[in-house]
Amino acid sequence: MGNRTDTTPQLCDHERVPKTVVIADDHPSFRASARAILQSEGFEVIGEAEDGAGAIAAVSELAPDVLLLDVQLPDFDGFAVCRQLRHDGRTPAVVLVSSRDACDYGALIEESGALGFIAKAELSGIALTDLLG
Amino acid sequence: MTGRVVSLAAGAVVGVALSGIAVLLVLTSDHEDNKAATIALAVTAGLSFIWSGLFALWRRPENRTGYLLAAVGYLWFFGALSESDNDWLFTIGAGLGSLALGALAHLLLAFPGGRLVHRRHLWLVVATYALVLTGGIGQLLFEEFPSSACPECRSTIVVGSSERASTVIRFVANGIGLALLVALLFIVVTRFLRAQGALRRALGPVLGAGALAMLVLALQLSIDAYSEGAAQPLEYVFLATFAMVPAAFLVGVLRSRLARSGVGDLLLALARGTLIRDAIAGALADPTLEVAYWLPDEGRYVSADGGSLPDDPEGRAVTLVEHDGRPTAALVHDPALRDERELVEAVAAAAGLWLDNERLQAALRAQVEFLETIVSAAPSLLCSLDPEGRITNLNDAARRAGGYADDEDVRWRLFWEAYVAPEEREEARRRFEEAAPEHAEAAFEHTFVNGLGEEVTIAWSTAPLYDEQRSVRSIVCAGLDVTVRERQHQQLQASAERLRAAIEASPVAIVEYALDDTITRWNPAAERIFGWTAEEVVGGPAKHQPPGREEELRELFRRVRAGEVYMAVESKRVRSDGAYIDVEISAAPIRDSAGSVLSHMALFADITERKRQEEELRASRARIVHAADDARRVLERNLHDGAQQRLVALSLSLRLAQSKVMTDPAEAQTVLEGAREELASALDELRELARGIHPAVLTDRGLSAAVETLATRSPVPVEFDIPEDGLPQAVEAAAYYVIAEALANVIKYAAATRANVRVEREDGRVLVAVADDGVGGADASRGSGLNGLADRVEALGGNLTLDSPVGRGTCVTAVFPLQRSA
């Protein structure tokens with residue numbers, strides 16, 4: 001089950017159900033699995049990135065509705081990416097993913113301004129749809 | 001004529017006058033039936049008291065006995081008034097006539113000194129006076145005709161005639177009178193029985209007659225209580241005994257005067273050779289007499305046995321005797337002889353010459369006794385030898401030192417046989433013979449085993465004694481038992497030697513500082529630790545004190561000189577080569593016998609190596625902790641990046657396949673195929689990871705098989721020689737990681753063509769060596785891999801060394817002790 005924060009930040013809040021998704025993760029196997037499962041459940045994966053800088057560039061370039069953002073990236077982590085996007089005024093709904101549990105990150109997820117957090121093993125179109133409201 | 005004689009004569013005249021009046025009253029009395037007897041006894045008794053009293057006052061004016069005797073006589077004549085036919089005179093005579101009895105009681109209790117010595121005697125006398133006065137007057141107050149002998153004699157002071165009151169008064173007065181008489185008799189008899197010598201002789205007649213009179217009076221009162229008038233005959237008996245008292249006094253005086261003839265007997269006795277004391281005691285009739293002789297040099301009197309005469313001997317009187325105007329002796333005698341001063345002085349004068357002779361003898365005896373006491377009590381050994389070297393006399397100390405029970409055991413033995421060890425006797429004898437005949441003063445010391453088996457050391461000094469012809473009469477030997485001193489000296493030497501040896505052999509630097517801060521002792525350990533020799537530092541200030549620590553040194557010196565002992569204070573000192581060393585300082589004051597601090601001694605333990613090891617241990621522990629943290633971090637990272645990611649992907653693939661299995665089975669099949677491959681990869685990664693944590697082959701098959709696996713996977717050919725017998729698990733694991741890390745370094749850095757692994761077990765140790773033929777020049781400090789391994793090896797009590805000369809390959813060697821890690 002995805003974790004949804006009680007106070008959804010303005011930056012990542014959306015009124016409509018997004019359809020376009022960019023997946024940012026340094027593990028190709030996860031990107032492939034996520035793309036397959038999300039596309040099979042109605043989302044449109046329009047791009048992938050393997051590090052933080054790539055994620056920011058993809059958002060800038062593709063303007064997806066949803067950024068599926070791994071917390072641990074080779075250059076800088078998902079929280080830094082989230083801060084940069086907010087700083088740049090980009091407005092995709094950011095959903096943090098990690099193979100670790102949300103509790104490993106404490107208050108960082110809430111403070112990052114992301115829409116929510118889904119453990120990688122729990123990722124599905126339904127979980128994402130639930131999170132996006 | 002002196003005033004005293006005039007007074008005495010006047011008193012005698014008054015006495016005669018009073019007796020004349022009394023005789024007249026008796027003769028004219030119409031109620032005295034026995035006029036002749038009364039005049040013969042009563043009047044005579046009064047007169048004899050008065051004359052005896054006056055005689056006593058003439059002979060001994062300072063003695064109040066005379067007054068009391070005379071007082072009895074004068075008061076006695078009051079009684080004569082009761083013979084008068086005139087009622088007034090009768091009343092006075094009847095009322096005051098018995099006062100003489102009070103005075104008699106007074107006389108008996110005060111005799112012979114004339115003074116009442118005890119307070120109870122005073123009370124008895126006062127009670128007697130009160131009774132005779134109140135008893136007589138009381139009867140006159142209540143009985144108009146109180147005399148049975150004179151029915152017409154009327155009391156002029158009667159206040160009311162009451163036979164009953166009169167009878168009561170008589171009974172009470174008689175009863176009290178009887179009690180007082182009994183008390184008086186008791187005291188008189190007791191005094192007489194207790195008295196001795198001259199005092200008893202003086203007391204005897206007076207107290208005897210007085211007691212007899214009192215006894216008769218007591219009988220008279222007792223009978224009178226039952227039958228008035230029945231005791232009348234006893235009146236004459238009483239008068240007769242009463243009159244005997246002054247006669248007895250005169251007898252006593254006569255006896256003393258007769259005794260003066262004893263002076264002649266004294267001289268005869270002395271001429272016959274009777275002891276002077278016995279002769280004087282006989283002449284003075286005082287068997288308790290003692291004679292003390294005057295010692296002019298010492299200014300004191302000593303008794304014949306040499307003891308001192310007390311200044312004021314208790315209960316004794318002292319009469320000093322002089323001869324030719326100088327003190328000769330003192331006679332210590334009965335105090336009663338004070339009243340016979342002339343006798344004592346006459347005897348003393350007669351015995352003066354003999355006493356002077358005795359005095360000289362007593363002085364000589366006192367000196368001899370003094371010398372004998374000194375010789376006997378002296379702690380020194382004293383003995384005298386005859387000119388042949390035989391012991392003629394010795395004191396207790398000499399006897400005891402020789403271990404002899406009795407003087408006779410050693411007397412007449414040759415000195416060297418008694419007080420010299422056998423091996424030294426010949427020399428002692430020769431020395432004695434060489435000293436003859438002068439035997440000049442000499443000193444020598446001998447140690448010998450005495451009669452009790454004790455080893456004794458005596459320091460002797462000798463001096464000759466000469467006879468009238470200046471020939472050596474004897475040789476006096478004075479010795480001091482120095483055994484204890486000698487033993488203490490030896491013990492002190494041994495103790496000092498032990499202390500010196502301990503200081504010399506101490507591994508700790510020992511430095512002694514004088515109060516002026518200069519160094520007085522610097523032991524070999526101090527030379528070794530600080531680098532300066534004793535010659536360089538003793539007598540000067542401390543050189544090992546590093547600059548900038550003067551305040552610390554002053555404080556430590558102040559504390560220890562204030563008496564404080566301090567232990568294990570860590571500090572730094574400097575060596576002669578300028579290097580600093582860590583030291584642990586302990587110090588204590590050295591005091592003299594009075595407790596004053598003379599110097600202090602400081603001990604310096606070089607703890608530089610210990611501090612280095614402690615620091616190394618701290619660093620090693622920190623590295624172990626960090627290494628463990630790093631290992632866990634790497635493990636978590638590896639799990640996260642490897643197997644965990646594969647399992648996440650596998651989970652997602654299964655979920656996708658699940659969603660496809662109904663709608664698109666072919667796609668589902670493809671996805672499942674991908675999932676199986678993902679699972680196989682995950683298993684591979686987990687296996688690799690587990691091997692990194694602890695190789696299963698090491699656990700299952702031992703070190704040799706584990707190293708074989710490493711060798712198989714190594715791109716550089718590896719030869720190995722490892723014994724098959726098992727090692728302790730901890731050593732085996734440590735050895736494996738040393739080999740694995742060393743081989744990893746060979747692969748990464750050595751550019752070697754081959755490597756060699758060797759494990760040997762010898763002398764309770766395990767030696768592990770990994771060598772290669774690579775470029776060498778490895779530096780353990782550059783990477784943490786070997787440091788971490790060194791910590792692991794050292795934790796097991798072993799050590800790890802790296803030998804890597806440039807261009808000549810590298811050899812990593814670890815040595816483990818087996819016992820500790822077993």
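Parameters at a glance
- Residues numbered from 1 in each chain as written.
- Chains lettered and ligands numbered in written order.
- Predicted model: local features only at pLDDT ≥ 70, side-chain atom pairs only at ≥ 80, totals over all residues.
- Helix = DSSP H or I, 4+ residues; strand = E, 2+ residues; numbered from the N terminus.
- Buried ≥ 20, exposed ≤ 12 C-beta atoms within 10 Å, placed from the backbone.
- Axes fitted to C-alpha atoms, helices over the stretch in contact; angles between N-to-C directions.
- Parallel < 35°, antiparallel > 145°, perpendicular 65-115°, else oblique.
- Left-handed = near helix turned anticlockwise from the far one by under 90°.
- Contact = placed C-beta atoms within 7 Å.
- Nonpolar A, V, L, I, M, F, W, Y, C, P; charged D, E, K, R; others polar.
- Core = buried A, V, L, I, M, F, W, Y, C linked by C-beta atoms within 7 Å.
- Pairing = 2+ DSSP bridges.
- pLDDT = per-residue confidence, 0-100.
- Expected span 1.5 Å × (residues − 1).

Caption draft 1: Looking closely at the overall build of chain A. Each helix and strand counted, chain A has five helices and six strands in total. Walking chain A from its N terminus toward its C terminus, one meets helices and strands in the order β-β-α-β-α-β-α-β-α-β-α. Within chain A, the proportion of its 133 residues that are buried is 41%.

Caption draft 2: Just the packing of helix H23 (residues 703–713) of chain B against helix H24 (residues 729–750) of chain B, in detail. Residues and elements named next belong to chain B. It is at 10 Å that the axes of H23 and H24 come closest, and there the two elements cross at 15 degrees. It follows that H23 is roughly parallel to H24 by the angle criterion. Note on packing geometry: the crossing formed by H23 with H24 is right-handed. Each of Leu703, Ala706, Val707 and Leu710 in H23 lies in contact with H24, whose residues at this interface are Glu732, Ala735, Tyr736, Ile739, Ala740 and Leu743. A class-by-class count of the residues in the contact of H23 with H24 yields nine nonpolar, no polar and one charged.

Caption draft 3: Spotlight on the interface of chain B and chain A. On the chain A side, the residues contacting the 13 residues of chain B number 13 residues. Its residues assigned to classes, the side of chain B that touches chain A shows four nonpolar, six polar and three charged.

Caption draft 4: Focus on the nonpolar core. Counting residues in each nonpolar core, the largest one holds 99 residues, and the members touching the most others are B:Val72, B:Ile280 and B:Leu331. Formed by 46 residues, the second largest nonpolar core is a distinct cluster that contains A:Phe43, A:Val66, B:Val648 and B:Ala675.

Caption draft 5: Here's a closer look at the sheet that holds strand S6 (residues 391–394) of chain B. Residue and element names in this part refer to chain B. With antiparallel pairing, the five strands of this open sheet are ordered in space as S6-S5-S9-S8-S7. Single-partner strands in this sheet number two, and they are S6 and strand S7 (442–449). With direction set aside, neighbouring strand axes in the sheet form an average angle of 30 degrees. As paired strands, strand S5 (residues 381–385) and strand S9 (residues 472–481) are joined by five bridges and run antiparallel to one another. Across the sheet, residue leucine 381 finds its bridge partner in S9, namely glycine 479.

Caption draft 6: View of the confidence of the model for chain B. Residues of chain B with pLDDT of at least 70 account for 95%, and the chain-wide mean is 83. For this predicted complex, the interface confidence comes out at an ipTM of 0.77, alongside a pTM of 0.40.

Caption draft 7: Local environment of the sheet that holds strand S16 (residues 755–762) of chain B. Residue and element names in this part refer to chain B. Ordered in space as S15-S16-S17-S19-S18, the five strands form an open sheet in which the pairing is mixed. Across the chains shown, the open sheet's two edge strands, defined by having one partner strand only, are strand S15 (718–721) and strand S18 (799–803). Between one strand axis and the next, the sheet turns by 10 degrees as a mean value, whatever way the strands run. Examined bridge by bridge, S15 and S16 share four bridges and lie parallel to one another. Across the sheet, phenylalanine 720 pairs through a bridge with valine 757, a residue of S16. Along the sheet face, H24 touches S15, S16, strand S17 (765–772), S18 and strand S19 (811–817) and points at about 10 degrees away from the line of S17.

Caption draft 8: Region of interest: the packing of helix H20 (residues 608–660) of chain B against helix H21 (residues 665–693) of chain B. Residues and elements named next belong to chain B. The interhelical angle for the contact between H20 and H21, taken along N-to-C directions, is 165 degrees, at an axis separation of 9 Å. Of the possible angle classes, the one that applies to H20 and H21 is roughly antiparallel. By crossing handedness, the relation of H20 to H21 is classed as left-handed. Taken together, the residues of the contact of H20 with H21 break down into 18 nonpolar, five polar and five charged.

Caption draft 9: Expanded view of unusual backbone geometry. Residues and elements named next belong to chain B. Alanine 436 connects to proline 437 through a cis peptide bond whose omega is -5 degrees. The residue proline 437 is located in the loop between helix H15 (422–435) and S7 in this model. Even without glycine at this site, tryptophan 412 takes up a positive phi of about 75 degrees. If you trace the backbone, tryptophan 412 turns up in the loop between helix H13 (396–401) and helix H14 (415–419).

Caption draft 10: Region of interest: helix H6 (residues 119–142) of chain B. All names here are of chain B. With 24 residues, H6 extends 34 Å between its outermost C-alpha atoms, agreeing within 8% with the 34 Å of an ideal straight helix rising 1.5 Å per residue. All buried positions along H6 are accounted for by His121, Val125, Thr128, Leu131, Val132, Gly136, Gln139, Leu140, Leu141 and Phe142. Packed against the buried residues of H6 are helix H4 (87–96), helix H5 (99–110) and helix H7 (163–194).

Caption draft 11: Representation of the confidence of the model for chain A in the model. All names here are of chain A. Scored by pLDDT, chain A has a mean of 84; 86% of the residues are at 70 or more. Here strand S1 (residues 3–4) stands out as the least confident element of chain A, with mean pLDDT 40; strand S2 (residues 20–24) is the most confident, with 95. In this model residues 1–16 is a low-confidence stretch, pLDDT under 50, and it forms 31 contacts with partners more than four residues away in sequence or in other chains.

Caption draft 12: The arrangement of the pairing of S5(B) in detail. Residues and elements named next belong to chain B. Across the two faces of S5 the burial differs, with Leu381, Cys383 and Leu385 buried and Leu382 and Ser384 not buried at all. Both S5 and S6 contribute to a ladder of three bridges, which runs antiparallel. When the bridges of S6 are listed, serine 384 appears paired with asparagine 393. Here S5 folds back onto S6 in antiparallel fashion, the turn holding five residues, of which glycine 389 has a positive phi close to 95 degrees.

Caption draft 13: Representation of the environment of B:Gly531 in the model. All names here are of chain B. In this structure, glycine 531 sits in the loop between helix H17 (524–530) and helix H18 (534–537). Judged by the 17 C-beta atoms lying within 10 Å of it, glycine 531 is partly exposed. Sequence-wise, glycine 531 and glycine 578 are 47 residues apart; in three dimensions their C-alpha atoms are separated by 9.8 Å. With residues near it in sequence (within four places) discarded, glycine 531 still touches Arg575, Ser576 and Asp577.

Caption draft 14: Layout of the environment of B:Phe557. Mapped onto the elements, B:Phe557 comes out in helix H19 (residues 550–561). B:Phe557 sits in the partly exposed class, given 17 other C-beta atoms within 10 Å.

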